[in-house]
Amino acid sequence: MRKQPVIFSLSEGVAIILVVSSFIFYFISAGTFNYYHKPPTQKVIVAFGDSLTSGFGVQADKNFVSRLALLINNPVINVGRTGDTTATALLRLDNDVLARKPDIVLVLLGGNDFLHNTPTFSVFKNLEEIIKKIQNSGAKVILIGVSQQFLANYEMNYSRLAWDNKIAGYVPDILGGILLRRDLMHDDIHPNEYGHQIMAERILLVLKKVLELK
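Right, let's walk through the structure included here. (Residues numbered from 1 in each chain as written. Predicted model: local features only at pLDDT ≥ 70, side-chain atom pairs only at ≥ 80, totals over all residues. Heavy atoms only, no water.)

Thoughts on the sheet that holds strand S3 (residues 104–108)
Argument step 1. Taken in spatial order, the five strands line up as S2-S1-S3-S4-S5 in an open sheet, and their pairing is parallel. At either margin of the open sheet sits one strand with a lone partner, and together these are strand S2 (76–78) and strand S5 (169–171). Between one strand axis and the next, the sheet turns through 20° on average, direction left out of account.
Argument step 2. Sheet analysis places strand S1 (residues 45–49) next to S2, joined by three bridges and oriented parallel. When the sheet's bridge partners are listed, Val 46 is paired in S2 with Ile 77. (Pairing = 2+ DSSP bridges. Helix = DSSP H or I, 4+ residues; strand = E, 2+ residues; numbered from the N terminus. Axes fitted to C-alpha atoms, helices over the stretch in contact; angles between N-to-C directions.)

Written as structure tokens, this is what we have:
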């Protein structure tokens, strides 16, 4: 007996198309087929520091934190506070930083301690406690040194702190070549937007490597 060819009627074809379309729509909605529109994985990155981090003297979208966010296409939360010392920053670490469950924390502190003549031992004891608390939370630390130009003793301590605590990234002498440059400074101690651009580029080199770490 000859087998009859399989013939689909128009109504059956439409029904099958509708069923298949429904499955495709379901999987796209669930993300199974959404290869091209799936947003990249975002990291929770927090910038923790004093007026250098908060961007004193420049527009909010011109400070190094905002520029970094654009350069890496990932938000960077700015919790810099003008006037902070390592001691006052330590007091707000839990609420302002750790509560956000960060993946990476940029730490830029110490300048105000120097201006207040805080003993170097106390400064770096506070910084080490900040670093350890961040690391214990599971986040990576990028430590940023202030200025070898005026704070040579500080800069050696930043380097030693980074080495001893095996931090993920270290940016030395962030204000090197910026201080005393009228075209790069807002005032005697705060960079202008061009100075912040240089800061962002220096930090970017280290941040990109840390982002690649698993």
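Details of the packing of helix H6 (residues 120–136) against helix H7 (residues 152–164)
Argument step 1. It is at 11 Å that the axes of H6 and H7 come closest, and there the two elements cross at 30°. In this view, H6 runs roughly parallel relative to H7, as classed from their interaxial angle. Considering only the axes of H6 and H7, their crossing is right-handed. Across the interface between the two elements, Thr 120, Val 123, Phe 124, Leu 127, Glu 128 and Ile 131 from H6 touch Asn 153, Tyr 154, Asn 157, Tyr 158 and Leu 161 from H7.
Argument step 2. Among the residues forming the contact of H6 with H7, the class breakdown is seven nonpolar, three polar and one charged. (Parallel < 35°, antiparallel > 145°, perpendicular 65-115°, else oblique. Left-handed = near helix turned anticlockwise from the far one by under 90°. Contact = heavy atoms within 4.5 Å. Nonpolar A, V, L, I, M, F, W, Y, C, P; charged D, E, K, R; others polar.)

Considerations on helix H8 (residues 193–212)
Argument step 1. The end-to-end C-alpha separation of H8 is 28 Å, in line with the 28 Å expected for 20 residues at 1.5 Å each.
Argument step 2. A maximum bend of about 30° is found in H8 at Leu 204.
Argument step 3. For H8, the set of buried residues is Gly 195, His 196, Met 199, Ala 200, Ile 203, Leu 204, Val 206, Leu 207 and Val 210.
Argument step 4. Elements in contact with the buried residues of H8: S1, helix H2 (51–54), helix H3 (64–72), S3, strand S4 (140–144) and S5. (Expected span 1.5 Å × (residues − 1). Bend = angle between axes of the 7 residues up to and from the residue. Buried < 20%, exposed > 50% of the residue type's maximum accessible area, 1.4 Å probe, protein only.)

Description of the nonpolar core
Argument step 1. Residues Phe 48, Phe 64, Leu 106, Ile 134 and Ile 142 are the most contacted members of the largest nonpolar core, which totals 54 residues.
Argument step 2. Going through the elements one at a time, S1, H3, helix H4 (86–96), S3, H6, S4, H7 and H8 are the ones with two or more residues in this core.
Argument step 3. Counting residues per element, this core draws most heavily on H8, at seven residues.
Argument step 4. Those residues in contact with Ile 134 that lie beyond four places of it in its chain are Leu 93, Leu 98, Val 105, Val 107, Ala 139, Lys 140 and Val 141. (Core = buried A, V, L, I, M, F, W, Y, C linked by side-chain atoms within 4.5 Å.)

Side note on the environment of Leu 115
Argument step 1. Mapped onto the fold, Leu 115 is located in helix H5 (residues 111–115).
Argument step 2. When the C-alpha positions of Leu 115 and Thr 85 are compared, they lie 9.6 Å apart, and in sequence the two are 30 residues distant.

What about the packing of aromatic side chains?
Argument step 1. Overall, the coordinates contain four aromatic pairs when judged by the stated rule.
Argument step 2. Judged by centre distance (6.0 Å) and plane angle (80°), the rings of Phe 114 and Tyr 154 are edge-to-face. Here Phe 114 is found in helix H5, whereas its partner Tyr 154 is found in helix H7, with 40 residues between them in sequence.
Argument step 3. According to the relative accessible area criterion, Tyr 154 is buried, its value standing at 4%.
Argument step 4. Both rings, one in Tyr 154 and one in Tyr 158, keep their centres 6.4 Å apart while their planes meet at 80°; by these two values the pair is edge-to-face. Remark: Tyr 158 and Tyr 154 occur in helix H7; sequence separation between them is four residues, near one turn of the helix. (Phe/Tyr/Trp six-rings, centres within 6.5 Å; stacked < 30°, edge-to-face > 60°.)

Description of the environment of Gln 148
Argument step 1. One can find Gln 148 in the loop between S4 and H7.
Argument step 2. Sequence separation between Gln 148 and Leu 175 is 27 residues; the distance between their C-alpha atoms is 8.0 Å.
Argument step 3. Residue contacts for Gln 148: discarding those within four places in its chain leaves Glu 155 and Asp 173.

Examining the pairing of S3
Argument step 1. The buried fraction of S3 is high, at five of five residues.
Argument step 2. Here S3 shows no split at all, with Ile 104, Leu 106 and Leu 108 on one side and Val 105 and Val 107 on the other all buried.
Argument step 3. Pairing geometry for S1 and S3, over five bridges, is parallel. Bridge pairing in S3 places Val 46 opposite Val 105.
Argument step 4. Direction of pairing for S3 relative to S4: parallel, over a ladder of four bridges. When the bridges of S4 are listed, Val 107 appears paired with Leu 143.

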